[in-house]
Amino acid sequence: MQKAITFTIEKKLDGTLARVGVIQTPHGDIKTPAFIVGGTKATVKTLTNEQVIALGGQSVLANTYHLMLRPGADVMAAAGGINKFMNWNGPTITDSGGFQVFSLGMAYKKGIDATSHSEKGDSKQATHNSTQLAKVTDEGVYFRSHVNGEQLYMTPESSMEIQHKIAADIHMAFDELTSPLAGREYIKRAMDRTHAWAERSLKRHQELNDEHIAREEPLQALYGIVQGAREEDYRKASATFLGQRDFDGYGIGGVFEPEEVPSTVRWITEILPEDKPRHLLGLGSQPADLFLGVQYGIDTFDCVAPTRQARNGALFTYDGRLNIKNGGFKTDFTPIDADCDCYTCQNYTRAYVHHLQRSDEILGLTLASIHNERFVVRTVDLIRQSIIDGNFFEYKKTFLTRYYGEERAAVFFEKD
RNA sequence: GCUGAGAUCGUGUAGUGGCAAUCACAGGAGACUGUAAAUCUCCCGCCUUUUGGCUCCGAAGGUUCGAGUCCUUCUCUCAGCA
């Protein structure tokens, strides 16, 4: 049977779940492990495609919910799909809108973010969050547009229809991501719903692919998304359920911190079919995410943190994170990181980027984004190379010890 | 010289008798993980780990239980007129 993408494993790292491979898509190859660049609204914020390519970005991940609101699915279709629309010639992925069920729903204005273990702020608002913009039912999700307040309704079927109009190479099934505060009972309910939605997504997706075949258009791929929060039995049940369905790959949702990777991700990757790619959704704001992810069987990552934090002044260095807006950098005429090969570090100083960000100059956001994104992309590329060269654990130990310090890094070596 | 207006924490300001210092900017720091994010949070007279204590609204007096807030004088600034 004809396939939208193929995944080839080139090498495995003995004693771990790590593998090196290639995902072939209609728009080119993704050498894995790989960091997928965040391009939510069909743009990598503050960067041109040429800059994304120059920093080593192989593929871009956009968002169905955001593109459905603006410019709209029909505009995306009329443009000829996301690649033509944004002039990106490489592989593309779309997230389903499932994350917005969480960020505009349970998490909306409650001070809950992905890493929260408790609710912050006004407890009254936390229990009666009448302002939230998303409401979940078994059939679908009611959204109130954050743009103009208009009532929207999204189902697994409509998400697939929109994603096929956006026409990225790889789609995500519509899922429900639960809050880190959710109890076991709700986690189960959301997971069961995610499974039902996965089957509905797959069915509608196959119908739409049949239409592509009839029109002699390229096929599009679909990943199922594993949920189940921090519950081992649910995670394993979710991986088993989805692993038996005919998805092209798998997304892993609801993982929030690197400390969970050796447990949560491993429960899943030990069960999922080995010959299909696995994407860890949303993780990658710190190096430990990447090393542990790969070690426990992840092929691709995406995360908005590198660009968002860059815009907010937090920059990666191999010795840990720094805030470029801090006063101390005013006359620091050295590169952000002397060991970084990015365009910014090759050409500009900390003092200059400090000045630009302090002065609200747009170039400061771009230079910082180039650096952070390059840092993460390069780190994963070198992880890939270290597996090929057979020195993954050495690289991991050296990198994380330097980044976090020996004491803080120790937790990431526990199972090595 | 005359007339008028005004002097408040780095800057610009709010505050016209009551447990008193407002807001913004600047400054100091922290956060951000499938992007409602070039955003958000905290600190910003002094001392103290905190509770709390001490000072404060150009200067000096005065009225009052109580004064940036009212009165007097002085100093300075600005505008207009000479």
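Fair warning: this is a prediction, and the values are worked out from it, not measured in the lab.

Overview of the overall build of chain A
Item 1. Across its full length, chain A carries 17 helices and 16 strands.
Item 2. For a compact globule of 416 residues, the expected C-alpha radius of gyration is about 22 Å, and chain A comes in at 21 Å, within 12% of that figure.
Item 3. Relative to all contacts within chain A whose residues are 6 or more apart in sequence, the contacts with residues 24 or more apart total 68%.

Here we look at the sheet that holds strand β6 (residues 92–95)
Item 1. Reading around the circumference, β4-β5-β6-β10-β11-β12-β13-β14 is the order of the eight strands in this closed barrel, with parallel pairing throughout. Sheet twist, expressed as the average angle between the axes of neighbouring strands with direction ignored, equals 30°.
Item 2. Direction of pairing for β6 relative to strand β10 (residues 170–172): parallel, over a ladder of two bridges. When the bridges of β10 are listed, Thr94 appears paired with His171.
Item 3. Docked against the sheet, helix α15 (residues 362–389) engages β4 (34–38) and β14 (300–302), running at close to 155° with respect to β4.

So, the packing of helix α8 (residues 184–214) against helix α9 (residues 232–243)
Item 1. Between α8 and α9, the least distance of the axes is 11 Å, while the angle of their chain directions is 5°. Classed by the angle they form, the pair α8 and α9 counts as roughly parallel. Residue-level contacts link Ile187, Lys188, Met191, His195 and Ala198 of α8 to Tyr234, Ser238, Phe241 and Leu242 of α9.
Item 2. Of the residues assigned to the contact of α8 with α9, the class counts are six nonpolar, two polar and one charged.

Topic: unusual backbone geometry
Item 1. Residue Pro33 is bonded to the preceding Thr32 through a cis peptide linkage, with omega at 0°.
Item 2. Structurally, Pro33 can be placed in the loop between β3 (28–32) and β4.
Item 3. The linkage connecting Arg70 with the following residue, Pro71, adopts the cis geometry, with an omega of 10°.
Item 4. Relative to the assigned elements, Pro71 resides in the loop between α2 (64–69) and α3 (73–78).

Considerations on the environment of Arg193
Item 1. Its location among the elements puts Arg193 in helix α8.
Item 2. The spacing of Arg193 and Leu280 is 87 residues in sequence and 20 Å in space, taken between C-alpha atoms.
Item 3. If we skip the residues at most four places from it in the chain, Arg193 touches Asp138 and Glu176.

A word on the sheet that holds strand β2 (residues 19–25)
Item 1. Reading across from one edge, β1-β2-β3 is the order of the three strands in this open sheet, with antiparallel pairing throughout. Edge positions in the sheet fall to β1 (6–12) and β3, since each of these pairs with one other strand and no more. In this sheet, adjacent strand axes meet at a mean angle of 15° when their direction is disregarded.
Item 2. Examined bridge by bridge, β2 and β3 share five bridges and lie antiparallel to one another. Residue pairing for β3: Gln24 is matched across the bridge by Asp29.
Item 3. In the packing of α15 onto the sheet, contacts are made with β1, β2 and β3, and the angle to β2 comes to roughly 125°.

What about the protein's contact with RNA strand B?
Item 1. Around RNA strand B sit 52 residues, and of these Leu177, Gly282, Val304, Ala314 and Gly327 come closest.
Item 2. Contributions of two or more residues to the surface near RNA strand B are made by β5 (60–63), α5 (98–106), α12 (305–311) and α15.
Item 3. Here the residues of the surface near RNA strand B are counted per class, giving 17 nonpolar, 24 polar and 11 charged.

Notes on the domain arrangement of chain A
Item 1. Taken domain by domain, chain A holds domain 1 (6–94 + 157–170 + 180–303) and domain 2 (314–408).
Item 2. Look at where the C-alpha atoms of domain 1 and domain 2 centre, and you get two points 26 Å apart.
Item 3. Looking at the side of domain 1 that touches domain 2, the elements with two or more residues in it are β4, α1 (49–54) and α11 (287–295).
Item 4. For the side of domain 1 that touches domain 2, the element with the most residues is α11, which contributes five residues.

Some points on the pairing of β1
Item 1. Here β1 runs beside β2; their pairing, made up of six bridges, is antiparallel. Considered in β2, the bridge of Thr6 is made with Gln24.
Item 2. If you look at the hairpin formed by β1 and β2, you'll find six residues sitting between the two strands, and Gly15 has a positive phi there, around 80°.

As for helix α7 (residues 156–166)
Item 1. Across the 11 residues of α7, eight count as buried, placing the element largely inside the fold.
Item 2. Taken together, the buried positions of α7 are Pro156, Ser159, Met160, Ile162, Gln163, His164, Lys165 and Ile166.
Item 3. Just beyond α7, the residue with positive phi is Ala167, at close to 65°.

Digging into the pairing of β4
Item 1. In terms of residue burial, β4 counts as a mostly covered element, since five of its five residues are buried.
Item 2. Summarising the sheet, β4 and β14 pair through three bridges and their orientation is parallel. The residue of β14 that forms the bridge with Ala34 is Thr300.
Item 3. As defined by bridge partners, β4 adjoins β5 across two bridges and the pair is classed as parallel. Residue pairing for β5: Gly38 is matched across the bridge by Leu61.

Considering the environment of Leu222
Item 1. Note on placement: Leu222 falls in strand β11 (residues 221–226).
Item 2. Placed 87 residues apart in sequence, Leu222 and Lys135 show a C-alpha to C-alpha distance of 25 Å.
Item 3. In this structure, Leu222 is in contact with His171, Ala173, Ser201, Leu202, His205, Phe247 and Asp248, ignoring residues within four places of it in sequence.

Focus on the packing of α11 against α15
The description of two helices packed together rests on the angle between their axes and the distance between the axes.
Item 1. Axis separation between α11 and α15 bottoms out at 10 Å; the angle between their running directions is 30°. With respect to their mutual orientation, α11 and α15 come out roughly parallel. Classified by chirality, the crossing of α15 by α11 is right-handed. Listed contacts from α15 to Pro287, Leu290, Phe291 and Val294 of α11 are Thr379, Val380 and Ile383.
Item 2. In terms of residue class, the contact of α11 with α15 is built from six nonpolar, one polar and no charged.

The rules we used
Residues numbered from 1 in each chain as written. Chains lettered and ligands numbered in written order. Predicted model: local features only at pLDDT ≥ 70, side-chain atom pairs only at ≥ 80, totals over all residues. Helix = DSSP H or I, 4+ residues; strand = E, 2+ residues; numbered from the N terminus. Rg over C-alpha atoms; globule rule 2.2 N^0.38 Å. Contact = placed C-beta atoms within 7 Å. Pairing = 2+ DSSP bridges. Axes fitted to C-alpha atoms, helices over the stretch in contact; angles between N-to-C directions. Parallel < 35°, antiparallel > 145°, perpendicular 65-115°, else oblique. Nonpolar A, V, L, I, M, F, W, Y, C, P; charged D, E, K, R; others polar. Near = placed C-beta within 6 Å. Domains from an automatic or database assignment. Buried ≥ 20, exposed ≤ 12 C-beta atoms within 10 Å, placed from the backbone. Left-handed = near helix turned anticlockwise from the far one by under 90°.

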